[in-house]
Amino acid sequence: MNSNDKIFVAGGTGKTGRRVVERLQRLGVPFRVGSRNAQPAFNWEDSTTWPAALEGITKVYVAYSPDIAVPGAPEIVQAFFKRAIEAGVQKLVLLSGRGEEEAERAEQMLKAFDIDWTILRCSFFSQNFDEGFFLEPILAGEVALPVRPVPEPFVDVEDVADVAVAALTLPGHSRKLYELTGPRALTFADAVAKIAKATGREIRYVSITPQEYRAAMLDAQVPAEIVDLVLYLFDTVLDGRNTPIADGVQQALGRPASDFSKYVQRIAASGVWGN
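Residues numbered from 1 in each chain as written. Predicted model: local features only at pLDDT ≥ 70, side-chain atom pairs only at ≥ 80, totals over all residues. Heavy atoms only, no water.

## Looking at the overall build of the protein chain
Helix and strand content of the protein chain: 11 helices and 8 strands. Rg of the C-alpha trace for the protein chain: 19 Å, near the compact-globule value of 19 Å for 275 residues, within the 12% margin. Each principal axis of the C-alpha atoms in the protein chain carries an extent, and together these give about 55 × 40 × 35 Å. Expressed as a percentage of the 275 residues in the protein chain, the buried residues total 51%. The contacts of the protein chain with a sequence gap of at least 6 include a subset with a gap of at least 24, amounting to 78%. (Helix = DSSP H or I, 4+ residues; strand = E, 2+ residues; numbered from the N terminus. Rg over C-alpha atoms; globule rule 2.2 N^0.38 Å. Buried < 20%, exposed > 50% of the residue type's maximum accessible area, 1.4 Å probe, protein only. Contact = heavy atoms within 4.5 Å.)

## Things to note about the side chain of His-173
Along the polypeptide, His-173 turns up in the loop between helix H6 (157-169) and strand E7 (176-180). On the basis of relative accessible area, His-173 is assigned to the buried category, the value being 7%. The contacts of His-173, once residues within four sequence positions are left out, are Lys-91, Trp-117, Thr-118, Ala-166, Ala-167, Tyr-178 and Ala-252.

## Overview of helix H4 (residues 101-111)
For H4, every residue scored as buried is listed here: Glu-102, Ala-103, Ala-106, Glu-107, Met-109 and Leu-110. All buried residues of H4 lie within an arc of 160° about the axis, which places them on one face of the element. Buried residues along H4 sit against helix H3 (73-86), strand E4 (91-97), strand E5 (116-122) and E7. (Arc of directions from axis to C-beta.)

## A word on H3
With 14 residues, H3 should reach 20 Å at 1.5 Å per residue; the first-to-last C-alpha distance of 20 Å fits that figure. Looking at H3, one finds that the buried residues are Ala-73, Pro-74, Val-77, Phe-80, Phe-81 and Ala-84. In a view along the axis of H3, the buried residues occupy a sector of 120°, so they form one face of it. Positive phi appears at Gly-88, one or two residues downstream of H3, with a value of about 100°. (Expected span 1.5 Å × (residues − 1).)

## A closer look at the sheet that holds strand E2 (residues 31-34)
Spatially, the 6 strands line up as an open sheet ordered E2-E1-E3-E4-E5-E7, and their pairing is parallel. In this open sheet, the two edge strands, each paired with only one partner strand, are E2 and E7. Across this sheet, the average inter-strand angle for adjacent strands is 15°, counted without regard to direction. Pairing between E5 and E7: 5 bridges, direction parallel. Bridging across to E7, Thr-118 finds its partner in Lys-176. Across the sheet, helix H1 (residues 17-27) is in contact with strand E1 (7-10), E2 and strand E3 (59-62); its angle to E1 comes to roughly 160°. Along the sheet face, H6 touches E1, E3, E4, E5 and E7 and points at about 160° away from the line of E3. (Pairing = 2+ DSSP bridges. Axes fitted to C-alpha atoms, helices over the stretch in contact; angles between N-to-C directions.)

## Here's the deal with the pattern of salt bridges
Evaluation of the coordinates by the stated rule reveals 24 salt bridges. Across the salt bridge formed by Arg-23 and Asp-162, the nearest N and O atoms sit 2.6 Å from each other. Note that Arg-23 is positioned in helix H1 and Asp-162 in helix H6, a separation of 139 residues in sequence. Since its relative accessible area comes to 10%, Arg-23 is described here as buried. Looking at Asp-162, the relative accessible area reads 26%, which means it is partly exposed. A salt bridge links Asp-228 to Arg-214, with the shortest nitrogen-to-oxygen separation between them at 2.9 Å. A residue pair is termed long-range when its members are at least 10 positions apart, and Asp-228 in helix H9 (residues 224-237) and Arg-214 in helix H8 (residues 210-219) qualify at 14 residues. You can call Asp-228 partly exposed: its relative accessible area is 37%. Within the structure, one salt-bridge network assembled from shared partners comprises Arg-18, Arg-19, Glu-22, Arg-23, Glu-131, Glu-158, Asp-159, Asp-162 and Arg-255. (Salt bridge = Lys/Arg side-chain N within 4 Å of Asp/Glu carboxyl O.)

## Some thoughts on the packing of aromatic side chains
Scanning all chains against the criterion turns up 24 aromatic pairs. Relative to Phe-260, the ring of Phe-129 lies with its centre 5.7 Å away and its plane at 75°, an arrangement referred to as edge-to-face. Here Phe-260 lies in helix H11 (residues 260-270) and Phe-129 lies in the loop between E5 and helix H5 (135-140), a separation of 131 residues in the sequence. For the pair shown, Phe-129 and Phe-260 are each scored as buried. Ring centres 5.4 Å apart and planes at 45° place the aromatic pair Phe-260 and Tyr-263 in the tilted group. On the criterion of helical spacing, the pair formed by Phe-260 and Tyr-263 is a turn pair, its members being 3 residues apart in helix H11. (Phe/Tyr/Trp six-rings, centres within 6.5 Å; stacked < 30°, edge-to-face > 60°.)

Laid out in C-alpha cells, this is it:
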C-alpha cells in the first residue's frame, strides 16, 4: 500500500464496514468513515454528499445500505463508482451478494470501468443471528421464518472484513472476484439448534409461510421495504442455489473460512443471546 493512500469506507458503521474500520485503525492506515453522522456526512440517497466524502481518497470499500439486492441499488452504486473515479480513486472493493440478481448487475457495472477492483460475493452472514433481525426472536425463544429446508454456508463477517482489508491494503487482489462462504452448509433449523445448545436455552425453530412472516413483521412495525427485501432473500436467494461451498476465503487469505460453530461459541460466550 502506498503511504499516500487514504481509504474511504462507505457504510463504515454497518456490519462489515465497522469491522473494516477497526482493522484499518489497528494497522495505522489513514481512512474516512462514510455515514450520515460523519464529518463530512455521506448519504447514499444524496449524491451531493459524495464529492466531499471522496476528497483526497485513493481507495474505497463499497457496502451499499440497506442491501445491494434492493431494486435500483446497482444504478446508485454505478453513479458512485463514476464519481469516485472522477475524484481520483484508484481502487474499489465491492461487497456483493451471492445469487442476487441486482448484486450481479452491480458487479458487471464495476467491471465495465477502467479501474482496479475486487469483488466480495458473500453468502448469508452468520452475524444476522446476533446483530440482525434474528436476534430478537432468538431472545424470545422462537425463530419463525419462511425459509425452505435447504442448507446455507453462512459466512462469518470477521472473515469478510479480513478479505476486504487485504484487498484494500495488500497486492495480489487486483480484479479478483472472491466467493465468500463458510466451510459447510447448515439449514436455518440446524443453525438455531446450535445456538440453543451453546446457550443452554430452549429456542424453537418454526417454519411459516411468507404471508405469515409479512404480517408478523408489519405488526412489529418493521418498514415495508425491509420486509420486502427479507422476503426476497428468503424466497429467491435461499432456494438452494447458494448451498455449494466456495473457497474465496482460502484464496484471499491463505487460510480456511471460520466455521459456524466457532462463531456460535464466540457469541454465546459474550452473553448476547442470554444463557
